[in-house]
Amino acid sequence: MEKYNIVIIGGGPAGLAAAASAYDAGERSILILERDVKLGGILNQCIHNGFGLHTFKEELTGPEYAQRYIDQVLERKIEYRLNTMVMDISPEKVVTAMNKSDGMFQIDAKSVILAMGCRERPRGALNTPGFRPAGIYSAGTAQRLVNIEGYMPGRKVVILGSGDIGLIMARRMTLEGAEVKVVAEIQPYSGGLKRNIVQCLDDYGIPLKLSHTVVDIQGKERVEGVTIAEVGPDMKPIPGTEIHYECDTLLLSVGLLPENELSKQAGVELSRVTSGPVVNESLETSVPGVFACGNVLHVHDLVDYVSEEAAAAGRNAAAFVRGELSGDTSGEIPITFEGGPRYTVPCTLDPKKMTDTLTVRFRVGAVMQDRWVNVFLDDERIVHRRRQIMAPGEMEEVVLKKSQFENHPDLKSILIKVEEA
């Protein structure tokens, strides 16, 4: 059995940033396992710009952003294996994987970093009525076909769901000569970033119909048309509101799910809200020595935040290998929330273990205007910040300082509370 101090599952932006960070923290025994034919993950097919403004202070395309981190891994001579599928991770951190050259092999790891990213929600989860003809794609599949393989999925397009990939594909298909008829979103708000609504829909005159969903798909061999209808507060279609669109393609952009089959096998506790691991201030899961970062932990809106989070996971994994992270969980305090947030990452915090500053990220469950975001340590308010608008499509964050905890040696509760201004 091979032995490595840190094994990183996934060679996308999270895995690459974690590897470089662990190396810079003094660790040399690192292995990245990536199932695709090249490093970079999903960024290789995201040829639009808008990446890297926070990390590199310049605007990059997805492949350019990925290449910056690939270069860091190559410069540090960090070992990686491509075309390698990880089959299993045991609670004892034994990684079972396979590829063409090595066959099936096992690695005994001192620490594992989960960086598998996320996958698109399948159409089966939607119960869309109608036949199952050709011409129905997830938005990510269509993106790969157009940007990497050079195929056009169709010429007349309806998009269901207003996640960021769907919005970006509305623009991409338009630029390639297709006619995007409409983007329908079942929620009363968009699931994507505001800037993507403006740059991808408004700039090209593509209508966005909120509180609408697909109620019928016409065509047996190939999609011939799609009918959408308005939905009420109960999410059920309202009779008489149907609109028919003649089209040959339906793209589905109905949400992303963290890729956590391996996490379950490792015995990692998963959040019922995010479907990602429950982690502490070190991004360590419920299994000691197993860390998680990026979209496998919770779906991010900006890759810059993925890289920032992954760098912390890499540093902490290196510290775990050196024996600097104690396994004592008695000081962990749950981070509670009320007034809007659906979850927080991390879920718990031990003030003694946290770094000088710690970013706590969360998403709200509905569009909110003019709110105060407050953080309380027991009864003392340490953060009081006004937000003009908060939406489920955009991640929120609060930065906590270790110095703020010094006056609370017997701290019992940490509360994030959103209130009307």
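Below you will find a few notes about this structure. Counting restarts for each chain: residues are numbered from 1 in the order of the written sequence. Owing to the predicted nature of the model, reporting of local features is limited to residues with pLDDT of at least 70; listing and counting of side-chain atom pairs is limited to 80 or more, with chain, interface and lining totals taken over all residues. To get the side-chain values, all heavy atoms of the structure are used, and hydrogens and water are removed first.

1. A closer look at the overall build of the protein
Tallying secondary structure elements over the protein gives 7 helices and 27 strands in all. Values of the radius of gyration come from C-alpha atoms, whereas the globule rule sets the reference at 2.2 Å times the count of residues to the power 0.38. Relative to a compact globule of 421 residues, whose C-alpha radius of gyration would be 22 Å, the protein shows 22 Å and is just as compact. When its C-alpha atoms are laid out on the principal axes, the protein stretches across 60 × 60 × 40 Å. Here's how the labels work: a residue is buried when its accessible area is under 20% of the maximum for its type, exposed when over 50%, partly exposed in between, all with a 1.4 Å probe on protein chains only. Buried positions account for 55% of the 421 residues belonging to the protein. Within the protein, counting contacts between residues at least 6 apart in sequence, those at least 24 apart form 62% of the total. Strands are runs of DSSP state E lasting at least 2 residues, helices are runs of H or I lasting at least 4, and numbering of each runs from the N terminus. Between two residues, a contact is recorded if the distance between any of their heavy atoms is within 4.5 Å.

2. Considering the pattern of salt bridges
For this analysis, a salt bridge means a side-chain nitrogen from Lys or Arg found within 4 Å of a carboxyl oxygen belonging to Asp or Glu. Counted according to the given criterion, the structure contains 20 salt bridges. Between Arg119 and Glu259 there is a salt bridge, with the nearest N and O atoms lying 3.0 Å from each other. Of the two residues, Arg119 is situated in strand S9 (residues 118-120) and Glu259 in the loop between strand S18 (256-258) and helix H6 (261-265); the sequence distance between them amounts to 140 residues. A relative accessible area of 32% places Arg119 in the partly exposed class. With its nearest N and O atoms 3.1 Å apart, the salt bridge here joins Glu308 to Arg361. Residue Glu308 is found in helix H7 (residues 303-321), and its partner Arg361 is found in strand S23 (residues 357-364); the two are separated by 53 residues along the sequence.

3. Digging into the environment of Leu283
Considering the arrangement of structural elements, one finds Leu283 in the loop between H6 and strand S19 (290-292). A relative accessible area of 7% places Leu283 in the buried class. For Leu283 and Gly232, which are 51 residues apart along the polypeptide, the C-alpha to C-alpha distance reads 40 Å. The residues touching Leu283, leaving out its near neighbours within four places in the chain, are Val290, Phe291, Ala292, Leu297, Glu309, Ala312, Ala313 and Asn316.

4. Remarks on the sheet that holds strand S27 (residues 414-420)
In this scheme, strands are said to pair when DSSP sees at least two bridges between them. With mixed pairing, 5 strands are arranged side by side in an open sheet as S22-S20-S27-S24-S25. In the strand order of this sheet, the two ends are held by strand S22 (348-349) and strand S25 (380-390), each with one partner. Of the strand pairs in this sheet, strand S20 (residues 333-338) and S22 are connected by 2 bridges, and their pairing is antiparallel. The residue bridging Ile333 from the neighbouring strand is Leu349, located in S22.

5. What to know about helix H1 (residues 13-24)
Take the number of residues in a helix, subtract one, and multiply by 1.5 Å to get its expected span. In this model H1 runs 17 Å from its N-terminal to its C-terminal C-alpha over 12 residues, within 8% of the 16 Å that 1.5 Å per residue would give. By the criterion of burial, H1 is predominantly enclosed, with 10 of the 12 residues buried. Turning to H1, its buried residues are Pro13, Ala14, Gly15, Leu16, Ala17, Ala18, Ala19, Ala20, Ser21 and Ala22. Of the surrounding elements, those touching the buried residues of H1 are strand S1 (2-9), strand S2 (30-33), helix H2 (62-75), strand S8 (103-114) and H7. Gly26 occupies a position one or two residues after H1 and carries a positive phi of about 105°.

6. Details of the pairing of strand S6 (residues 85-89)
Note: S6 against strand S7 (residues 94-99), 4 bridges, orientation antiparallel. What sits directly across from Val86, in S7, is Ala97. Hairpin connection from S6 to S7: 4 residues lie between these consecutive antiparallel strands, with Lys93 at a positive phi of about 65°.

7. Considering the sheet that holds strand S17 (residues 249-252)
With parallel pairing, 5 strands are arranged side by side in an open sheet as S10-S17-S11-S12-S13. Strand pairing shows two members of the sheet lacking a second neighbour, strand S10 (136-138) and strand S13 (208-210), which therefore form its edges. Sheet twist, expressed as the average angle between the axes of neighbouring strands with direction ignored, equals 20°. By the bridge criterion, 3 bridges tie strand S12 (residues 179-185) to S13 in an arrangement that is parallel. The partner of Glu185 across the bridge, within S13, is Leu210. All axes here are fitted lines through C-alpha atoms, helices being fitted over the stretch that makes contact, and every angle between N-to-C directions spans 0 to 180 degrees. Relative to the sheet, helix H3 (residues 139-147) contacts S10 and S17, its axis offset from that of S10 by approximately 95°.

8. Some remarks on the packing of aromatic side chains
Under the pairing criterion, centres of Phe, Tyr and Trp rings, with the six-membered ring standing for Trp, must be within 6.5 Å; the plane angle then separates stacked pairs below 30 degrees from edge-to-face pairs above 60, leaving the rest tilted. Counted under the stated rule, the structure contains 4 aromatic pairs. Ring geometry for Phe56 and Tyr65: centres 5.5 Å apart, planes at 70°, overall edge-to-face. Residue classification places Tyr65 among the buried residues on the basis of a relative accessible area of 0%. Judged by centre distance (5.6 Å) and plane angle (45°), the rings of Tyr65 and Tyr69 are tilted.

9. Some points on the side chain of Glu185
Here Glu185 shows up in strand S12. Positive charges come from Lys and Arg alone, negative charges from Asp and Glu alone, with His and the N- and C-terminal ends not counted. Put simply, Glu185 is tucked away with no salt bridge, and the nearest opposite charge, on Arg121, sits 10.0 Å away. We define a polar contact as two N or O atoms separated by no more than 3.5 Å, with the added condition that, inside protein, one atom must be a possible hydrogen donor and the other a possible acceptor, whereas residues neighbouring each other in sequence contribute only through side-chain atom pairs. Side chain to side chain, Glu185 and Ser162 meet in a polar contact 2.7 Å long. In this structure, Glu185 is in contact with Gly161, Ser162, Ser190, Gly191, Leu208, Lys209, Leu210, Ser211 and His212, ignoring residues within four places of it in sequence.

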